[in-house]
Amino acid sequence: MYYSWALWGYGSLKRAPSDRLSHPGDDGSFLFLLATGTSWALPSEPLELSDTLTGSWPGSDFGSVLACAGDVDLNGKPDLLVGAPYDAGDGSSRGRAALYLADRDNSGYTAESWSVVGTRDLGHYGGALAGGADVDGDGFDDIAVASTYQDWQVDLYLGGETGPSTAPDWSVNGGGGSFGHSIALVGDMDGDGYAELAIGNRSGGDSGQITVYFGASTGLDADPVVLSGDDDHRVGTLVAAAGDVDGDGLADLLSGPGSDGDTPSAVTIFRGDPTGPLSSPTYTLAYPSGAAGFGAALAGTIPAAATGGDIDGDIDGDIDGDIDGDGFDDVFVGADGEGSVTSAVGSVLGWAGATSGPTAPATWTYQDPVDGTVLGRSLAVVGDVDGDGFADVLAGRPGFQDGERLEGGAVLLMGSADGLGSDPAWQGSSDQDAADHGDVWIGYGQAVLGLGDINGDDRADVAIGAPNTGSDAYEDRLGTVFIYTGTTYQAPTQTPDTGGGDTGGGDSGVSASGQGGACGCSGGSQGGSML
C-alpha cells in the first residue's frame, strides 16, 4: 500500500505502542500526519544500515566484543562499548576498550569518545565488557572492562556528564584462573535500587564460580557473594543478565558452561532475592538432544528499573526482554553446532518467562537451514525494532557464506503474541570475501548487540561486529562495527536464504535480504578472536 502525507494537526499526545502516525518534538509535542493518497511505501526490511564504525588500531580485533553501555552521560541516548582485545598498546596484545557516546541530536555515533588500554602484555583488556546499569544510583549508567588472559583484572568506570574517567573507579584482580572471562551488569538483584556486577570464573572451584559484587551509593560493595556450580551445572564461562524471568521485580542472572560440543550440559539461572542472588541455581535450561554447542552464547536483558532511563527501544519501558508480550522477560541460548559428530547446524533456543520461571523444554527453537554457519555463536535480545510492541532477537552466524567466501552473517527473529517468529525477518552479511582478507573469515556476526534507540524514532537499533575487515595482512585489519536502525516495515513474501547463491550488493558493502512473515539496552555476546 502506498501513501502520501499531509499535515493534519499539532499538539500533545500520549501514544499507544501501535500508534505510528506521529513524530515527537523535543518539547514533547507531536506532529500528526494523515495518509491521503499515493507515493510512499513502508521499507521492506526491519533493519536499515545507518553507519559503520571503523577501528583505529590495526590487528586489534576491534568489534569482536560489544556491549550496550547504557546512558553513560545521561543525555537520553544509549552509548556503545567496543572491545579491541588484541590491540598491542605499548606492548603485545594488551587490549583496549573504546566508548562511543551517542549524540543528543539523534545523529548516532560520530567518533570514539573514550578509550582505555590494558597495562599487561597478553592481557587482552576489552575481551569482556559490561554496561547498561547504574551501580551507585546517581542516574548515570556505568561500564566494566575485563582482561581475559594473563591478567584477570576487572575495572569499573562510573558514568558522568562528560563520560567516564580513563582511570577506573573500582578494580579487582582475580589472581589467575579465568576470573573475568565473562562479566555482566545484571540489574538490581536484591531490591535496594542499585545494580550488581557479576564476574565469571570457569576455573573457580570444582564446577566454576560467579562472584557477585553488590551496588551501593558509594559504588560496589567490598564483600561479594560467590556462587558455585555443581557436576550437572557448570557455571562461570559465560554470565549474562537474564532480565526478570519470574516477574518478582528483581533481576536474575544467567550462566552457562559455554559451547560444549555434543556433551549434555545445562544453562542455569540464579534468581534475585531480597537477600541477594540465591546461592544455588533456581532454574535450569537443559541441553536439548542434538543441539551441539549448546551454551555458546546467552542472551537476556537488564530490567528497565536498573538502566537509569528508557533507552531500550520501546515507548513506555514495559517491553524490555519480553518476546511474546506476556509481561515476563524471556531468555535465549545459542547452540552453534560446533563439536557435533553428525552435522554442524546452529540453533537459537528460547525459554519463556513465567511466575514459576522458565521450564523445559525450550519454548521456541530456530535452526539454521545451512550447516557450518555457527548460528548462535553470538546472540542478543535487542528490543522492539519495528514498533509492534514485542522485543526481537538478533543472532550471529559468522561462518555463513553466500556468494562471498566466509563473509559472515546474522539473522533477526521477530517477537509476536505467538512468540518468536519461525523464519528470519532479516538476514545480513558483510558482502566481503575472505580471499581478500588473508583467507580468514570476516567475522561479521561474531558479536551482535541491541543498542536501544539512538535516532529518536522509538524503535530499537542494533550493532554487528566484523573484526577482520580491512587489509589482507592481519596486522593491518582495522575491524568494523555496523550500525542498523529499526524501522516499521512491510515484509515481502520470500523464501528464506539458505546459502549457495549470490545475495546481491546491499548498502555500503553490506548485503541483506528480507525474509518475510515473521510476524528493542540488551546484553550482547562476549567475544574473542576467531582466526
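As a reminder, the structure under discussion sits directly above these lines.
Residues numbered from 1 in each chain as written. Predicted model: local features only at pLDDT ≥ 70, side-chain atom pairs only at ≥ 80, totals over all residues. Heavy atoms only, no water.

Visitor: Would you take a moment to explain the overall build of the chain for this structure?
Guide: The number of helices and strands found in the chain is zero helices and 32 strands. Of all 531 residues assigned to the chain, the portion counted as buried reaches 59%. (Helix = DSSP H or I, 4+ residues; strand = E, 2+ residues; numbered from the N terminus. Buried < 20%, exposed > 50% of the residue type's maximum accessible area, 1.4 Å probe, protein only.)

Visitor: Looking at this structure, I do not really get the packing of aromatic side chains. What am I missing?
Guide: We describe a pair of aromatic rings using the distance from one ring centre to the other and the angle between the two ring planes. Tallied over the entire structure, the rule returns nine aromatic pairs. Seen in terms of ring centroids, Phe 294 and Trp 351 are 6.2 Å apart; in terms of plane orientation they differ by 65°. Their pairing is edge-to-face. Separated by 57 residues along the polypeptide, Phe 294 in strand 21 (residues 294-299) and Trp 351 in strand 23 (residues 345-351) bring together distant segments of the chain. Its relative accessible area of 1% is what places Phe 294 among the buried residues. Classification of Trp 351 by relative accessible area gives buried; the value is 1%. Centre to centre, the rings of Trp 426 and Tyr 484 are 5.1 Å apart; their planes meet at 70°, and the pair counts as edge-to-face. Here Trp 426 is found in strand 28 (residues 426-429), whereas its partner Tyr 484 is found in strand 31 (residues 480-486), with 58 residues between them in sequence. For the residue pair Trp 426 and Tyr 484, the accessibility class agrees, reading buried in each case. Grouped by ring-pair contacts, the aromatic residues Trp 57, Phe 62 and Tyr 100 constitute a single cluster. (Phe/Tyr/Trp six-rings, centres within 6.5 Å; stacked < 30°, edge-to-face > 60°.)

Visitor: What should I look at first to understand the pairing of strand 28 in this one?
Guide: Each regular strand shows side chains that alternate between the opposite faces of the sheet. Of the two faces of strand 28, the one holding Trp 426 and Gly 428 and the one holding Gln 427 and Ser 429 are both buried throughout. Judged from the four bridges that link them, strand 27 (residues 409-413) and strand 28 form a sheet pairing that is antiparallel. Along strand 28, the bridge assignment pairs Gly 409 with Ser 429. (Pairing = 2+ DSSP bridges.)

Visitor: Would you mind showing me how to read the nonpolar core here?
Guide: One recurring pattern in soluble globular proteins is that nonpolar side chains are buried together. Core analysis: the biggest nonpolar cluster contains 34 residues, and Val 154, Ile 183, Leu 197, Ile 199, Ile 210 and Leu 253 have the highest contact counts within it. Secondary structure elements with two or more residues in this core: strand 9 (125-133), strand 10 (142-147), strand 11 (153-157), strand 12 (170-173), strand 13 (182-187), strand 14 (196-201), strand 15 (209-213) and strand 17 (238-243). The element that contributes the greatest number of residues to this core is strand 13, accounting for four residues. Residue contacts for Ile 199: discarding those within four places in its chain leaves Val 154, Val 172, Phe 179, Gly 180, Ser 182, Ile 183, Gln 209, Ile 210, Thr 211 and Tyr 213. Judged by nonpolar contacts, the second largest core, of 21 residues, contains Val 382, Ala 410, Ile 442 and Ile 464. (Core = buried A, V, L, I, M, F, W, Y, C linked by side-chain atoms within 4.5 Å. Contact = heavy atoms within 4.5 Å.)

Visitor: Honestly, the side chain of Asp 433 in this entry has me stumped. Any pointers?
Guide: Turning to its location among the elements, Asp 433 is positioned in the loop between strand 28 and strand 29 (447-452). The charged side chain of Asp 433 is buried without a salt bridge, its nearest counter-charge being Arg 405 at 5.6 Å. At 3.4 Å, the side chain of Asp 433 and the backbone nitrogen of Arg 405 are in polar contact. With residues up to four places along the chain from it excluded, the contact list for Asp 433 reads Glu 404, Arg 405 and Ile 442. (Lys, Arg positive; Asp, Glu negative; His and termini not counted. Salt bridge = Lys/Arg side-chain N within 4 Å of Asp/Glu carboxyl O. Polar contact = N/O pair within 3.5 Å; in protein donor to acceptor, adjacent residues only side chain to side chain.)

Visitor: What am I meant to see in the pairing of strand 6 (residues 79-84) here?
Guide: Burial analysis of strand 6 places six of its six residues in the buried class, which makes it a mostly covered element. Pairing geometry for strand 5 (residues 65-70) and strand 6, over five bridges, is antiparallel. When the bridges of strand 6 are listed, Leu 66 appears paired with Val 82. With five bridges joining them, strand 6 and strand 7 (residues 96-100) adopt antiparallel strand pairing. Within strand 7, the residue paired with Ala 84 across the bridge is Arg 96.

Visitor: Looking at this model, I keep getting lost on the sheet that holds strand 18 (residues 252-256). Mind explaining?
Guide: Pairing between the strands of a sheet is mediated by backbone hydrogen bonds and can be parallel or antiparallel. Reading across the sheet, the four strands line up as 17-18-19-20 and stay open at both edges, with antiparallel pairing between neighbours. Each end of this open sheet is capped by a strand with a single partner; those strands are strand 17 and strand 20 (283-286). Averaged over all pairs of adjacent strands, the angle between their axes in this sheet comes to 25°, without regard to strand direction. Sheet analysis places strand 19 (residues 266-270) next to strand 20, joined by four bridges and oriented antiparallel. What sits directly across from Val 267, in strand 20, is Leu 285. (Axes fitted to C-alpha atoms, helices over the stretch in contact; angles between N-to-C directions.)

Visitor: Looking at this structure, I do not really get the side chain of Gln 153. What am I missing?
Guide: Here Gln 153 is to be found in strand 11. Reaching out from Gln 153, the side chain makes a polar contact with the side chain of Asn 173 at a distance of 3.0 Å. For Gln 153, the contacting residues outside a window of four places in its chain are Val 145, Ala 146, Ser 147, Ser 171, Val 172 and Asn 173.

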